Every structure is written in structure tokens, then in C-alpha cells.
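# Observations on the three-dimensional arrangement
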Amino acid sequence: MADKTTLFLCRCGANIADFVDLEALEAWAKTNAGVDHVCVHDFLCAPSGKEFIEETLKSQGSKRAVMAACSPKLHQKTFNECAEHVGMNSAQVGMANIREQCAWVTPDKVQATEKARTLIQAALNRSLLHVDLKPQHMECLTDMVVIGGGIAGIEAALQAAEAGRKVTIFEKEISLGGELIKVEEIAPMGECAPCLLAPRLSAIRDNPDITVVSGVTVTDVLGFSGNFTVKARKKARYITDACIGCEACFEPCPVDVQSTFHLGLGTHKAVYTLFPGSEPAAAAIDQDHCLHLQGKECQACVDNCPFGAIDFAQKDEVIEVQCGAVIVAIGAEVYAPKDVPRLGLNGTSNVFTYAEFERLTCSNGPTGATLTLRNGSAPKSVAVLHCAGSLCADGLSYCSGVCCVNALMAGETIRKQIPDAIVYNIHDRLVLSGAEQEGFMRHQIKSGTQMVPCKDLAGVHIMEQPDGQLSVTVPGQAKLLVDMVILSTGLRPGANAKQLAATLNAELDAYGFFKSDHPILNATGSVIDGIAMAGSCVQPCHAPQSVVMAQAAMGRALSRLVPGRTIELETMVSFIDPEHCAGCKLCMATCPYKAIRFNSEKKTSEVNEAICRGCGTCAATCPSNAITARHFTNDQLLAEVKGVLHG
Amino acid sequence: MAEFEPNIVAFVCNWCSYGGADSAGGQKLAYPANVHLVRVMCSGRIDPEHVVAAFREGADGVMVMGCHPGNCHYRNGNHKALRRFRLFERVLIQLGIAKDRFELEWVAAGEGKKFQEVTTAMTERVRNLGPLSITGNVAEEALHV
Amino acid sequence: MSKVKAAIYWCSSCGGCDESIVDLGERILAIREAVDFVFWPCAMDPKYSDVEAMADGEITVSLINGAIRTSEQEEIAKLLRRKSQLVVAFGSCACFGGIPALANLKSKEGIFDRSYLNSPTNVNPEGIVPLEHSKTAEGYPMELPRFYETVYKLDDVIEVDYYLPGCSPNGDMVANAMGAILAGKLPPKGSFLLPDIALCKSCDRNATKPDSLTITEFKRLIHVQADPEQCFLNQGILCMGPATRDGCGYPCVKGNMPCTGCMGPVGSKDQGARMLSALGGILEGESEEQISKVLDGLPDPAGTFYRYSMSSSLMGSKRKENNP
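Computed from a predicted structure; not experimentally measured.

### What to know about the overall build of chain A
The helix and strand tally for chain A stands at 16 helices and 34 strands. Here the C-alpha atoms of chain A give a radius of gyration of 33 Å, more than 25% beyond the 26 Å that 2.2 N^0.38 yields for 647 residues. Each of the three principal axes of chain A carries a C-alpha extent, and together these read 100 × 60 × 45 Å. Counting the 647 residues in chain A, one finds 56% classified as buried.

Laid out in C-alpha cells, this is it:
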């Protein structure tokens, strides 16, 4: 009994029976030394068929079975369940695909029958080598880590907290908000960004389950889905938790520093917050510019702080958090085409990127939302260039898809302060989807925006005149002479994307954005289980899209990692024989999931069965055949080969 | 003398090429019965020893089929198969075995037609090459290299 | 106590394995106390008839080195098998075919043509080649051993009890093997007299291997100065270590030369297939052109991966039934 297989032949109605001589096969099987019992049924997958299977397996006391039927992709699971119901391990159920890969593709009945016979023999050979696969379950951590504190990160964290999980947000800046905090009104409907963000940031501050760690760089993400350890290095900001952001130390500070938050259009002191009312409220000291930290004499901030919150002795800190999943929401960088001379973006002219323009019109900007040229006067004419630095060889090669609506918003923002301003939008194709965005454009045109179509945007030249005005050459159109030019530029991956992807072992696409596991079915998942992404770090997004992705990414993580529930692991995982592993590490290099780790004590490689997905690439790689790919071993494959060739 | 019917063994990956074969079945696209499929989870699982074992056991031609580059269910198993087997092909040539007896092909789960085409073409090619007979330690045809 | 009888025979061999007995150094004296070499063409002047006269199993152990290329070698191998209790395939040629087995990349015709007829230094207008049956000048019939079409390893023609690979096995390996045989402390028949594990286990350069090794280009030793401490593969220099049996003490690597695989495969009979499978997993190159470029850095893959193991390779190691 131990070395025999119970064989089931399925007629599949007429689907197999009409094309393969099942009687002949039954007769052959009866004389086959490897078969303890053969039986035929019309529809093995039907309720009656499944009952039949279970009864037969029970009454025969079968140790293993082969179903000669349709494709395993259709019914392997069905038959596995039948076997499990009678106490057999599902690894003992083999299949021979005599329908899709035999009956349906072999018109000659004699040939089809012979082919079916060899397929069945192959499956019988293989079944003698089947080894039970032990189901594995793993407990998991259910807390979350979010990397990135922009709108996507904020929403993801709030989602997790709502489900009662603890969540840590790691943010590289000294406070939260990402790109959206730099916006006043969100195009196209003009929602007030601060009104939208403020309550969310308060919710984060007030929720004891959410921890914000700002001014950090994530250095390691170790472990695997359900069991991650995230390490980050928190840079010293020389300010303690006693700081409430009262700003009493700002004015006395003698040092002015270019503000990166203001994109170089304004300054802050060496002790600073990004803007009043930021969250966390605590200030930070810029160690590269602070006189005291440069070794010079200065105590201005200390002398003026009512809370004694300055601590020049503060050191960098390593923060370590355990979690079940990591959501990456590091956003993207607004592209500033400084190396494209024809666009005139040199930091001294009145050519600005749209992001810089937003700084000049935002209440938390350097001018308190008053739009002026660099000399302080109000612009009377503005040209907005769509696709600036995009879709061209010397810039971004792709369309970011989210900039056109902002470019059209410029006119509305300008006319709010300067009602008579002339606004030109120089464009080629317009990326505006849905009725709202389309309607928005028509409204701008009605309100005075002049649309200047141009088929060759890469040929647009912007030249500063001696008097500071800008001459804009537009191929196919009359030259424009304006006070200000706004470049509507695209988004590109942030400067830290590459390093973070390497840390996570996540894949980046050809443009450097985080690659989705599946563009349709799992757009927020990465190829690494437990690491998900949301927002512009995946592809340029506008705010609604970022939020949807964040909710989806966190939602999936919340459903998979449930307190009290264990995760079922893959059973067909690889196993490395420690007696024969020479520790050459070549398997580690080939594992797509970094599921193999080196045991430096034993000097052997070991498979982490919680991560292994059973592809078997390591087994093929091992130069000394020390790796077994469970359920697809060399012996099992060879047995099948012998079966199909020798019957 | 009976006409020579080649034996072709095709190693197919579960997610794409096996699906492609099922697709051919669903669309009733017939291909020669000479082609015998052996399923693996990923084309990255197949190494030259499997291919050689197939030749040794009597295959006149061997195919390895996987997902299209960029679409591997396991990220990049097919890329490993590609590199492995391009190197293997060079060795086959040195051993004096007709390179056409081995083929690496990419077939997606929906490509029933392509599956039919490549298996039919392979069978024809190998039929024209004749049987591969391995005597002693080398292939018959390699004895005359 | 009566001495143990041993025989050493060389088939298609360079003589290095016979010389490796000399590598025993002073240990040969102890062995000489226990062992009587009754047949050793390299060092003595025995006759085949001496061996034929022995009783079956009279020889305790025959150490047979060299590959099998001629009928004489097969004949004597079979003779020694009959007369011996144990036969050890001694050295890589006997175990796997060795360097001589690289001849399997060519045909016998091709080899004869090159060796006897059309090499630049040949002057052979009559086209004389060795023949199995011919006549001497005086008209006497002369027989030469038949030259086989392919090079075989020892266990293709006789049953082998133990394998001691190496090109050649070094003094320590030989001493350990002889010691085990004399003490009767042997593993199951059919085993190698060395651990079943690859070279990387012992190699002290293995610690320098990164967790994610990739090869972007194969570098040849004539073009680069190899770093004496770093793993060769990590330098883009091909080292057969991962696919080669451990146990030799890796003198080559210690001498800043990569392993060429002389100890043969481990975990498989097909050293070349395993190595090329492993390399395929770690090469860089996405497009066909890129891959081709990287592979062009290995101008002779069959010769490189099967340098010592061609007879144990790809085309199978079926026991030879009769010669073609």
C-alpha cells in the first residue's frame, strides 16, 4: 500500500471521454504495478464526484492519489480538500492534466490516449516521491510604521490608529505636512489646504497610539511581513520636548539661513520651525549655521527661552520600532529645471517654478501670501508654461499627469490679488480628467486666462531682458513679454528614494518610482510582502489620489495583520541541508525576496520559511545541490520526465 | 521504415506558460502529441541538469518556457533562466549537439496561440534534425565534430 | 603480520598520480611496512602475466589512475578488478575523466588528423596513423590497443569501490586514504574518501563574499592583478570552488589562483551544469545583448566548467556496454 497510488480517471462528461479512450486507460491502470486501485467518474469536481473521491480514499486506505482530469490550476485545490477531509496530507494528491493539455489539443484519439497514458505514468512516478507538506502558521505583530509624514503618511497613520493599532510616523523634516502643507488652495475646487490638514494634524497629536518621530532618516528595515524591526537615526535638534514653539528665541538669534521650506525664497534663523503652528511644534537648531555649535560665543536663544528647552549637548539618537508592516509615503520631489538654460530658471530672474509661486502666495510663505516680483513690485503680466522640463530629452521624459490643473490655478490665484493681471497659459496637450477639471479650465478662460497653444513646447525660450522683464519665444505664436514666468514642472522621485528602496529591498521602476507588485491588483503593494506604498513615491499623485492609496495600503495591512490571528505561510518552501551547505552564499544572491540569510556561526545559509515563496530558484542555483525545493525536488521532476518519455 | 517521431519535453512555469498551454487547450488549438509538459512553479527552478536528464532519458528536443521578461510571478526567475540557458546553449554547441534541440521561450498565460505555434515549430525542427542518440558518453552527432 | 598487497596502475594518465605517492614523504616508510606493492608499472617492472597468475581477490587494493581511452586500459582495469578486493578510482581522471576527457570535445577522427596528419610539425606524407592491426616491416602481425571514440572514466568499465579525486590527490589525502584502507575504517562502498561538501566551506576568502554577489564582467587573470584576500568571484574572476569538492586544502587559492575544479563535482555528477546554473543566477545583464557581452568573457565554457569532469558530464555516465 505504501508504494502504490489510487488513480481516479475523470470523464469530464464528454470533454475527456470523447477524446481519450478511458476504458483502455482503466485496463492499463489495472495492470500497473504502481496503482492500488483505479476508478472512473463522470465529474470528479461535482458534489457527487467529491463524495466519491472521499469514500474511495477512505475505503481503499489510500496513502496517495492521482487525479487524471483537468488542469491543476482549476481543481488541485478542490481535490486537496477532499483528501484533507479524510485525513490525507494535500501534498499526496497529484494531478495529470489530460484535458486541457491532452484531450482538447490532440485530435487523433489513439495519440491522445497514448499521451494521457504517459502523463498519468509521470504523475504516478511523481506521487511515489511526494512528501507531506506541513502547514505553517506564524504569529504576527500588528503595529504599523509609516515612513513619510505628508498627506499620504498622515492618512495612513490615522487609519491604523482608528483600528486601535499603534503606529509610528518617521518624517525626515522637523515637522509634518509634506508638500500639501505648502499649498493654500487645492486645485481645482479650491479647498483650503490648511483647513484640511489642521484637524488631521491635531488628531495625530492628540492620539496616544500615534508617535511622530521627526528629523529622522530610516537606516534599516529588518525582518519580514508580520515581524519587522525599523531602525532610524534621529538627528540632534538641540531642543528638548519642553519646547512649545513659542518662537521667543527666533528674533534674538543673529543668524539668517536660506529656508529650504521656502525653496530659497526666504530665510529663517538658525533656530527655527518650518512655519508658525507646525506639528510637532518644537523648534530645531540648524547645526551647520548656529554660532554656538560652530564653536563661537552665542547664547541668544538660551537667554530668551522661557522653558529652558535648549540643550546644546543633545546627541543623535537611534530609534528602533517593531511592527508588522511598513507603509512608504515619502512623496516625490518637485522638479526644478535649473540645468535647462532655455527656461531661464537661475534663482535671480522672475522665472519661478509653480512650487516657488505657491510659496509666494501661501500664507505660511516668506511674503505672507503677497505675490511680488523679486524687486517687490506686483507682476502685471504672467506667463505659465505647461510641461516645463517634461516630455523632453533634457528633463523628465514622462508626463506627471497632475500639473496641468495647478498651472491653470495660477491665473485664479494671481487675479485674486492682481485682478487686472494678464495671464497666459502656454500649453500643448492638456491633461485634465473628469468634468470638474474640464469645467475649471473653462472658468479660468472666462475669467481672463489666455490659452496659448504651442506644438513645440521644448522650443520655448525664456530670456531675461535688461529691465528685468522676460521675453518668451513660443514657436508658432507671437513672442510674449511678461513680468513673471511660472514653470509648471513635473514630479520626480525624491532624493532619498533610491537609498530607501535599497534598504527595503523594494524595486524601483525605470523612472525611479517605487514599483507596484501588480499595477492593477496590488498597486499599493511592493514586491516585498509587508512593505506597501502610497502617494507620489509610486507615481505622481494629487492629494485625493494620495489619500486613496494611503487608505488602501494601510487597509490591506490591517486586514492581513489582525491581533489574535496567525498568518498562513507557503508550504512549498525551500530547505537548505546544513550538512552539505558550504556557505557559498550564491543562493542568497539569487533569492528574489532576500529570504535566505547567512548563519555566521554555522557558516551555512538558511531559508526563512516565513518569507520564502517557493519559486525554487535557489535550488537551481546551488552549485552543490544542497537545497531541496519542497514538492518540486530534482527526484520528483526526473520521475515525471521518465514517465512522459518511457510511459 | 517508420517516420521518426521526435520526443519533446517542455518544462513550463505554473503561472504563465502552463497557463498558456491550458489556454491553447481551452481554445482547442491542437499541437503535436510529441510535446510532453512537466510543470514547475517558476522557469528559474529549471537548471541544465534537468534539461540534460531529459535528453538522457530519450528526449530529442527540450524546451523551457517561462513568463515574459518583467512579468515573472516571482520577480525575476525568468531572467535567471535566460542567463543560465544562454550559457548552456554555448556549451551545447561545443559539445556538438545541435543548438536547435533546445529552446527557451516566453509564453504568457493568455497566449494559447503562441503556445501552439512554438511547440509545433519545435517539433518540426527536431523532426528534421533526426533522433538524438547518446551512446556511451557523448551524443552520436557530437562524435563527428 | 603479512603485508597487504596493493597495485597501482596508470591508464590514460600524465603520471602525476603516481608521483603523488612520492608526496607522502616519509610516510611512505610506514606504508611500506604494511603494504607490498605487487604491481606498479611506473615504478617497477611487473608483467601483466604476473597479475593474471594471481588468485582472484589476492590484491587487497588497486589504486587505478587515469582515464580509459584504449582497449588495453579497459582490459587491465578489468583484470585488476578481478584480482582485487577493493578498487579505488585514484585521481580525477579515473574519477571523472580528468584533463584527457576534454578530448571528448573532439572526435577520434579529428584528433588523429591533428596529431598524426595535419599539425604544423608533422611530416607524414604517407599518412601513417596507429592501427589496431598492422604488420611490422618484417611482415609480423602487430596489434596495438584500440583507441576508443570517447574517453571514459573508470567506473564506466568496472565497478569502483571508492573515489579519491584530485589532480593529483595531495600527500595528506593519499596518506589519509591509505590509512583508512589499512585500518578498515571505510565509508559505504561507492563513496568518496573526502567530505561531501564544496570548497567554499574551508576557504578563508568566503568571509569576504557579500550577501548579494553579482558578476558584471568575467575578468581573466592575464588582465588583472587578483586581490589576494578577496573571494575571486567577487572580483569577477571565475573560481570553480562553489561547485568543487572540498578536502584538498585549497593550495591554489592560497597561491592566489582561483580553483579550477580538479576535485570534481559535489552533490551531483555534472560539475559543469551545476556551475553554469549557479553563475546564471548571479550574472548581471537584462537584455540579450548585455547577457551575450558578459558571456563572451568566457570564451570556452565547456572547457572551463568541465575541465576535469567531462566523462562524468552532460551526456551521462551510463555504464559502457560495448565500444563503438
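### A few points about the sheet that holds strand β21 (residues 381–385) of chain A
All names here are of chain A. Here we have five strands laid out as an open sheet, ordered β20-β27-β21-β22-β23, and parallel in their pairing. The open sheet terminates on both sides in strands that have one partner only, identified here as β20 (351–353) and β23 (450–453). The sheet shows a mean angle of 25 degrees between the axes of neighbouring strands, taken without regard to direction. Sheet topology note: the β20/strand β27 (residues 484–487) ladder contains three bridges and is parallel. Counterpart to T353 in the pairing with β27 is L487. Contacts from helix α10 (residues 403–417) reach β21, β22 (422–427), β23 and β27 within the one sheet, and its direction differs from that of β22 by about 175 degrees.

### Let's talk about the domain arrangement of chain C
Per the domain assignment, the segments of chain C are domain 1 (4–100 + 149–194), domain 2 (107–147) and domain 3 (199–312). For domain 2 of chain C and domain 3 of chain C, the distance between their C-alpha centroids amounts to 39 Å.

### Topic: the interface of chain A and chain C
Taken together, the contact between chain A and chain C spans 22 residues of the former and 23 residues of the latter. Buried area between chain A and chain C, summed over both chains or domains, comes out near 1700 Å², and the portion from carbon and sulfur atoms is 53%. In this assembly, chain A and chain C are joined by one salt bridge. The shortest N-O distance in the salt bridge between K585 of chain A and D211 of chain C comes to 3.9 Å. On the surface where chain A and chain C come into contact, there are nine residue pairs in polar contact (both at pLDDT 80 or more). Of all the elements, helix α14 (residues 586–590) of chain A adds the most residues to the side of chain A that touches chain C, at four residues.

### Concerning the interface of chain A and chain B
Contact residues are listed per partner, giving 44 residues for chain A and 44 residues for chain B. Both faces combined, the contact of chain A with chain B buries some 3600 Å², and carbon together with sulfur accounts for 56% of it. Three residues stand out in chain A for area buried against chain B, namely K73, Q101 and L645 of chain A, and they jointly supply 17% of the buried area on that side. The interface formed by chain A and chain B contains one salt bridge. Ionic pairing is found between E507 of chain A and R75 of chain B, a salt bridge with its closest N-O pair at 2.5 Å. In this assembly, chain A and chain B are joined by 17 residue pairs in polar contact (both at pLDDT 80 or more). Residue assignment for the side of chain A that touches chain B shows that the elements contributing at least two residues are α3 (72–85), α4 (99–103), α5 (109–127), α15 (617–621) and α16 (634–646) of chain A. For the side of chain A that touches chain B, the element with the most residues is α16 of chain A, which contributes nine residues.

### Points about the sheet that holds strand β4 (residues 102–106) of chain B
Residues and elements named next belong to chain B. Ordered by their spatial adjacency, four strands build an open sheet running β2-β1-β3-β4, and the pairing between neighbours is parallel. The two strands at the open ends of the sheet, each matched to only one other strand, are β2 (35–40) and β4. The sheet shows a mean angle of 20 degrees between the axes of neighbouring strands, taken without regard to direction. When strand β3 (residues 61–66) meets β4, the two strands line up parallel, connected through five bridges. The partner of M65 across the bridge, within β4, is E105. Relative to strand β1 (residues 8–13), helix α1 (residues 17–26) is tilted by about 115 degrees, and along the sheet it contacts β1, β2 and β3.

### Digging into the packing of aromatic side chains
All names here are of chain B. For the structure on display, the rule yields 19 aromatic pairs over all chains. Centre to centre, the rings of F85 and F88 are 5.8 Å apart; their planes meet at 90 degrees, and the pair counts as edge-to-face. Taken together, the residues span about one helical turn, with F85 and F88 both in helix α3 (residues 77–94) at a distance of three residues. Residue class for F85 comes out buried when judged on its relative accessible area of 0%. You can call F88 buried: its relative accessible area is 1%.

### A short note on the state of the cysteines
Applying the stated criterion to the full structure yields one disulfide over all chains. With no disulfide of its own, C591 of chain A has C615 of chain A as its nearest cysteine by sulfur position, at a separation of 6.4 Å. Counting only cysteine sulfurs, C67 of chain B is the nearest neighbor of C13 of chain B, a cysteine outside any disulfide, at a range of 3.7 Å. A relative accessible area of 2% means that C13 of chain B is categorised as buried.

### Considerations on the nonpolar core
Core analysis: the biggest nonpolar cluster contains 248 residues, and F514 of chain A together with L279 of chain C have the highest contact counts within it. Composition of this core by domain shows at least three residues from each of domain 1 (4–100 + 149–194) and domain 3 (199–312) of chain C.

### So, the pattern of salt bridges
All chains considered together, the criterion is met by 45 salt bridges over all chains. Residues participating in the shared-partner salt-bridge network are E3, E5, E124 and R127 of chain B.

### A closer look at the packing of α10 of chain A against helix α11 (residues 434–447) of chain A
Residues and elements named next belong to chain A. At a closest axis distance of 10 Å, the pairing of α10 and α11 adopts a crossing angle of 40 degrees. For the crossing formed where α10 meets α11, the hand is left-handed. Of the residues in α11, those touching α10 at V405, L408, M409, G411, E412 and R415 are Q437, F440, M441, H443, Q444 and S447. Here the residues of the contact of α10 with α11 are counted per class, giving five nonpolar, five polar and two charged.

### Brief notes about the confidence of the model for chain C
Residues and elements named next belong to chain C. On average, residues of chain C score 92 in pLDDT, and 96% of them are at 70 or above. Taken together, the stretch residues 316–324 has pLDDT below 50 and engages in 28 contacts with residues farther than four places along the chain or on a different chain. Among the scores for the predicted complex, ipTM is 0.95 and pTM is 0.85.

### Some remarks on unusual backbone geometry
In most cases, non-glycine residues show a negative phi, while peptide bonds are predominantly trans. For the bond from A187 of chain A to P188 of chain A, the omega torsion is -5 degrees, close enough to zero to count as cis. Following C167 of chain C, the chain continues into S168 of chain C via a peptide bond in cis, with omega recorded as -10 degrees. Along the chain, S168 of chain C turns up in the loop between β9 (162–164) and α7 (171–183). One non-glycine residue with positive phi stands out, namely K28 of chain B, at about 55 degrees. Along the chain, K28 of chain B turns up in the loop between α1 and β2. For K28 of chain B, a relative accessible area of 45% translates into the label partly exposed.

### Here's the deal with helix α6 (residues 151–162) of chain A
All names here are of chain A. Between its terminal C-alpha atoms α6 stretches 16 Å, which fits the 16 Å expected from twelve residues at 1.5 Å a residue. The element α6 is extensively covered by neighbouring structure, given that ten of its twelve residues are classed as buried. Taken together, the buried positions of α6 are occupied by I151, A152, G153, I154, E155, A156, A157, L158, A160 and A161. Along its buried surface, α6 packs onto β6 (144–147), β7 (167–171), α7 (193–206), β10 (210–214), β18 (325–328) and α13 (543–560). Within two residues after α6, G164 carries a phi angle of roughly 80 degrees, on the positive side.

### Side note on the pairing of β22 of chain A
All names here are of chain A. In terms of burial, β22 is largely enclosed, as five of its six residues are buried. The sheet contact formed by β21 and β22 spans five bridges and is parallel. Its bridge partner being in β22, L385 is matched across the sheet by I426. Taken together, β21, α10 and β22 form a β-α-β motif whose crossover is right-handed. The pairing of β22 with β23 spans four bridges and is classified as parallel. Looking at β23, one finds that H427 is bridged to P453.

How each quantity is defined
- Residues numbered from 1 in each chain as written.
- Chains lettered and ligands numbered in written order.
- Predicted model: local features only at pLDDT ≥ 70, side-chain atom pairs only at ≥ 80, totals over all residues.
- Heavy atoms only, no water.
- Helix = DSSP H or I, 4+ residues; strand = E, 2+ residues; numbered from the N terminus.
- Rg over C-alpha atoms; globule rule 2.2 N^0.38 Å.
- Buried < 20%, exposed > 50% of the residue type's maximum accessible area, 1.4 Å probe, protein only.
- Pairing = 2+ DSSP bridges.
- Axes fitted to C-alpha atoms, helices over the stretch in contact; angles between N-to-C directions.
- Contact = heavy atoms within 4.5 Å.
- Domains from an automatic or database assignment.
- Buried area = accessible area lost by both parts, 1.4 Å probe.
- Salt bridge = Lys/Arg side-chain N within 4 Å of Asp/Glu carboxyl O.
- Polar contact = N/O pair within 3.5 Å; in protein donor to acceptor, adjacent residues only side chain to side chain.
- Phe/Tyr/Trp six-rings, centres within 6.5 Å; stacked < 30°, edge-to-face > 60°.
- Disulfide = S-S within 2.5 Å.
- Core = buried A, V, L, I, M, F, W, Y, C linked by side-chain atoms within 4.5 Å.
- Left-handed = near helix turned anticlockwise from the far one by under 90°.
- Nonpolar A, V, L, I, M, F, W, Y, C, P; charged D, E, K, R; others polar.
- pLDDT = per-residue confidence, 0-100.
- Expected span 1.5 Å × (residues − 1).
- Right-handed = clockwise from strand over helix to strand, strands pointing away.

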